[in-house]
Amino acid sequence: MKLYRFRYSPYARKVQALLDWLGLQYEAVEVPYADRNELATLTGGYIYVPVLVTESGAVIKESRDICEHLAQGRGASLVPAPWEGPIWAYHDFVDGPLEDALFRIGSPAVQQAWPTPGERALYTLVKERKFGAGCVEAWLRERDVLVARARKLLAPSLRTLTQRPFLFGDAPTVADAALLGNCLMLQEADPSLLPSLAPELVAFVERASAYRLA
Ligand SMILES: N[C@@H](CCC(=O)N[C@@H](CS)C(=O)NCC(=O)O)C(=O)O
């Protein structure tokens, strides 16, 4: 299998967590931000990540669809019955409102981490076309407000994680994969961000990254 990713993409890291937990063999392909020819050729023009090429050669876009694919068969324990509803709802909460706060916290550092001026400028352009001129600088200035918003959203989950290793019990589910993906996005952006936002999540990242399905 092949997983096309940006290292900071929470959606790609979520999928990668599922592949790792399931012990599946795959190659992680780091997509250069300013050269997506391989990806566009593969997908027929879709240049977001993640994209997964399965063992049978199927090309799956959209991380939720990839997660649903991986959660079939042996992966069924990643969405254990009867918790399918709350697990997918939590997954969607992370990929929606939580990611919306966290990516703004991580974005200024992600922008600076691209190795070339062209990639940094393209990243800024992509963000500004969607969120308005000067948005990345504004997110840096407004970091305290964004951190307060993220902490409020995270507070109930942190209470759960003081009592359980994972959100739904002793083993991780796609809900944990979504949360892990966002934590890894912050860690890739700037290793100081996650400990200052929610130190409890540092231990969660270690636990979740080390997990392998028996
Ligand atoms: N709904 C998509 C969202 C994927 C997405 O937005 N990926 C971002 C990276 S986190 C991306 O590829 N952005 C394109 C860009 O920055 O040019 C999914 O869940 O896979």
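Residues numbered from 1 in each chain as written. Predicted model: local features only at pLDDT ≥ 70, side-chain atom pairs only at ≥ 80, totals over all residues. Heavy atoms only, no water.

Thoughts on the packing of aromatic side chains
Link 1 in the chain: For the structure on display, the rule yields 16 aromatic pairs.
Link 2 in the chain: Ring geometry for phenylalanine 131 against tryptophan 139: centres 5.3 Å apart, planes inclined by 70°, an arrangement best described as edge-to-face.
Link 3 in the chain: Owing to a relative accessible area of 5%, tryptophan 139 belongs among the buried residues under this scheme.
Link 4 in the chain: The rings of Phe6, Tyr8, Tyr33, Trp114 and Tyr123 are connected pair by pair, giving a single aromatic cluster. (Phe/Tyr/Trp six-rings, centres within 6.5 Å; stacked < 30°, edge-to-face > 60°. Buried < 20%, exposed > 50% of the residue type's maximum accessible area, 1.4 Å probe, protein only.)

Overview of the layout of surface pockets
Link 1 in the chain: The calculated volume of the largest pocket comes to roughly 810 Å³.
Link 2 in the chain: As for the largest pocket, its lining consists of 30 residues, and the residues nearest its centre are Tyr11, Tyr48, Glu99, Lys127 and Lys130.
Link 3 in the chain: Elements that contribute at least two residues to the lining of the largest pocket include exactly helix 1 (10-22), helix 3 (63-70), helix 4 (84-113) and helix 5 (117-131).
Link 4 in the chain: For the lining of the largest pocket, the element with the most residues is helix 4, which contributes eight residues.
Link 5 in the chain: The class makeup of the residues in the lining of the largest pocket is 16 nonpolar, five polar and nine charged.
Link 6 in the chain: The computed volume of the second largest pocket comes to approximately 170 Å³. (1 Å grid on protein atoms, 1.4 Å probe; cavity = no way out; pocket = protein on both sides within 12 Å on 5 of 7 lines; lining within 4 Å. Points joined across faces, edges and corners; volume = space filled by probe spheres on them. Helix = DSSP H or I, 4+ residues; strand = E, 2+ residues; numbered from the N terminus. Nonpolar A, V, L, I, M, F, W, Y, C, P; charged D, E, K, R; others polar.)

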